[in-house]
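# Architecture and fold: a report
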Amino acid sequence: MKSKFLLICAFTLTLLSCKTVKTGTSKSIDISGVGVIHKPVIADLEIAKEKSTKTMVIRNVESLNNAKNEIIRELLIENNADLLVEPKFDAKTKNGKTELTVTGWLAYYKNFRTIEEKDLKLIEIRPAVIRQVETNQSSLLEKIK
């Protein structure tokens, strides 16, 4: 009788302690490496004229990076977009809840095609011309009045 009670308690605790883990991806990379040769493919990128924004409230943030990836992924799925150009994040944490907002331009790949000679001028940018973009992260603690 005692063992049945303990078994039921253990089973109940197991059910109550379950937590949902949501995962997904928002980026991919081209095939490259030893022995892989392919013709370059280029595409046009259609960028929305207005910025899009999405906000979500997160409890128990294990990693702000994971939360950022998740909010971008959800925004892309909602709008059937391929990528988010220049995403900007705003995160506010209060009482263990983090409100995360992302803003950026939705973009869509169009007109995939094998590279042609007329396209070569587009990819002749020299590394000296390309500048590194600095990414800065700020943190602000607001006092509650």
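Summary of the structure given here.

Calculation notes
Residues numbered from 1 in each chain as written. Predicted model: local features only at pLDDT ≥ 70, side-chain atom pairs only at ≥ 80, totals over all residues. Heavy atoms only, no water. Helix = DSSP H or I, 4+ residues; strand = E, 2+ residues; numbered from the N terminus. Expected span 1.5 Å × (residues − 1). Buried < 20%, exposed > 50% of the residue type's maximum accessible area, 1.4 Å probe, protein only. Contact = heavy atoms within 4.5 Å. Patch = residues over 30% accessible without salt bridge, like charges linked within 9 Å, V, L, I, M, F, W, Y side chains within 5 Å. Areas by Shrake-Rupley, 256 points an atom, 1.4 Å probe, with all protein chains shown as cover. Salt bridge = Lys/Arg side-chain N within 4 Å of Asp/Glu carboxyl O. Core = buried A, V, L, I, M, F, W, Y, C linked by side-chain atoms within 4.5 Å. Pairing = 2+ DSSP bridges.

### Structural notes on helix α2 (residues 64-79)
A rise of 1.5 Å per residue sets the reference length of α2, with its 16 residues, at 22 Å; its end C-alpha atoms lie 23 Å apart and thus fit the reference within 8%. Restricting attention to buried positions, one finds in α2 the residues Ala 67, Lys 68, Glu 70, Ile 71, Ile 72, Arg 73, Glu 74, Leu 75 and Leu 76. Elements that come into contact with the buried residues of α2 comprise β2 (52-59), β3 (83-94) and β4 (97-114). The first or second residue beyond α2 is Asn 80, which carries a positive phi of 50 degrees.

### A look at a nonpolar patch on the surface
Among the surface-exposed residues, Val 41, Leu 45, Ile 47, Tyr 109 and Phe 112 lie close enough to one another that they form a single nonpolar patch of about 500 Å² accessible area. At the level of secondary structure, the elements contributing two or more residues to the nonpolar patch comprise β1 (41-47) and β4. Here the element with the most residues in the nonpolar patch is β1; it accounts for three residues. By secondary structure assignment, the location of Leu 45 is in strand β1. Residue Leu 45 is classed as partly exposed on the basis of its relative accessible area of 40%.

### Here we look at the nonpolar core
Formed by 13 residues in total, the largest nonpolar core has its most connected members in Ile 71, Ile 72, Leu 76, Leu 84, Val 102 and Leu 106. Of all the elements in the fold, those that place two or more residues in this core are β2, α2 and β4. The element that contributes the greatest number of residues to this core is α2, accounting for five residues. Sequence-distant contacts of Ile 72, defined by excluding residues within four places in its chain, comprise Leu 84, Pro 87, Phe 89 and Val 102.

### A closer look at the pairing of β4
Across six bridges, β1 lies against β4 in antiparallel orientation. The residue of β4 that forms the bridge with Ile 47 is Ala 107. Pairing of β2 with β4, which is carried by eight bridges, proceeds in the antiparallel orientation. Within β4, the residue paired with Ser 52 across the bridge is Gly 104. Between the antiparallel neighbours β3 and β4 lie two residues, among them Asn 95 with a positive phi of about 55 degrees.

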